[in-house]
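Structural features, examined
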Amino acid sequence: DVKVTQSSRYLVKRTGEKVFLECVQDMDHENMFWYRQDPGLGLRLIYFSYDVKMKEKGDIPEGYSVSREKKERFSLILESASTNQTSMYLCASSSPRNSNQPQHFGDGTRLSIL
Amino acid sequence: AQKITQTQPGMFVQEKEAVTLDCTYDTSDPSYGLFWYKQPSSGEMIFLIYQGSYDQQNATEGRYSLNFQKARKSANLVISASQLGDSAMYFCAMILDTGRRALTFGSGTRLQVQP
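Residues numbered from 1 in each chain as written. Chains lettered and ligands numbered in written order. Predicted model: local features only at pLDDT ≥ 70, side-chain atom pairs only at ≥ 80, totals over all residues. Heavy atoms only, no water.

**Concerning the pattern of salt bridges**
All names here are of chain A. Within the structure shown, the criterion is met by nine salt bridges over all chains. A salt bridge links Arg-36 to Asp-38, with the shortest nitrogen-to-oxygen separation between them at 2.8 Å. Side by side, Arg-36 and Asp-38 carry an identical accessibility label, which is buried. A salt bridge links Glu-69 to Lys-53, with the nearest nitrogen and oxygen atoms 2.4 Å apart. Note that Glu-69 is positioned in strand β7 (residues 64-70) and Lys-53 in the loop between β5 (42-49) and β6 (56-57), a separation of 16 residues in sequence. On the basis of relative accessible area, Lys-53 is assigned to the exposed category, the value being 59%. Several salt bridges converge on common partners, so that one network encompasses Asp-28, Glu-30 and Lys-71. (Salt bridge = Lys/Arg side-chain N within 4 Å of Asp/Glu carboxyl O. Buried < 20%, exposed > 50% of the residue type's maximum accessible area, 1.4 Å probe, protein only. Helix = DSSP H or I, 4+ residues; strand = E, 2+ residues; numbered from the N terminus.)

Now the structure itself:
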């Protein structure tokens, strides 16, 4: 079974802090994704990565950056946290070989910025 | 750009009855895939079912089936014999076979199964 592990289930940080959300997958997937989930908006793509050191902006990249130094790890960075970044963050991974393969998600991180 | 629309913010169903969750999509690409995910209150996203745009038959997985009407661009999820454990958020999502390989999600439907 694919396992996607996010480092924290709940996180509370202060405005202006630099925040790191970590994600690790154990299935050697090339693709990794960071989504943000807000009520009434579904999941929106922040950044994704096709390979080590490769990254591409999603639909809402402002205020975020990412790092992928190893294939299994994809980090989301909030450079200077703001209250409007309080949200649920979900990491996912997938294999690019077949489009019918589902993305596998971590359990999510509920981030509160005070 | 592709778009997914789920018009039912919330639904109620009696235990053991069937329920249909609506999903319409919009894309000009001919090759795509449609997914349904379940998200219980604990937060994890659980993959339920997949339908490819060229699949001739509607997908089925146990109590889940996907009513795929390509001309209408709809991909409704049908849950038969609802159980209390089916209470959750349900998301419809689409992926294009070309271009970026990320999912586009709808806003979700919260299903509550009543005893």
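**Looking at the pairing of strand β5 (residues 32-39) of chain B**
Residues and elements named next belong to chain B. Most of β5 is tucked away: eight of the eight residues are buried. Here β5 pairs with strand β10 (residues 88-96) via eight bridges, running antiparallel. Looking at the pairing, Tyr-37 lines up with Phe-91 of β10. Pairing analysis gives six bridges linking β5 to strand β6 (residues 46-52), with the strands arranged antiparallel. Among the inter-strand pairings, Gly-33 is bridged to a residue of β6, identified as Gly-52. Connecting the antiparallel pair β5 and β6 is a turn made up of six residues, with Gly-43 showing a positive phi of about 110°. (Pairing = 2+ DSSP bridges.)

**Considering the sheet that holds strand β1 (residues 4-6) of chain A**
All names here are of chain A. In space, the four strands of this open sheet follow the order β1-β3-β8-β7, with antiparallel pairing throughout. Pairing within the sheet leaves two strands with one partner each, and these edge strands are β1 and β7. Strand after strand, the sheet turns through a mean of 20° between neighbouring axes, direction not considered. In terms of strand pairing, β1 meets strand β3 (residues 19-25) through three bridges, oriented antiparallel. Bridging from a neighbouring strand, Gln-6 pairs with Cys-23 of β3. (Axes fitted to C-alpha atoms, helices over the stretch in contact; angles between N-to-C directions.)

**Points about the state of the cysteines**
Residue and element names in this part refer to chain A. Applying the stated rule across the entire model yields two disulfides over all chains. Here Cys-23 connects covalently by a disulfide to Cys-91, the sulfurs 1.9 Å from one another. Taking the sign of the S-S torsion, -75° for the link of Cys-23 and Cys-91, the bridge is left-handed. In this pair, Cys-23 is assigned in strand β3 and Cys-91 in strand β9 (residues 87-94), connecting sequence segments 68 residues apart. (Disulfide = S-S within 2.5 Å.)

Any link to function would need more than the numbers given here.
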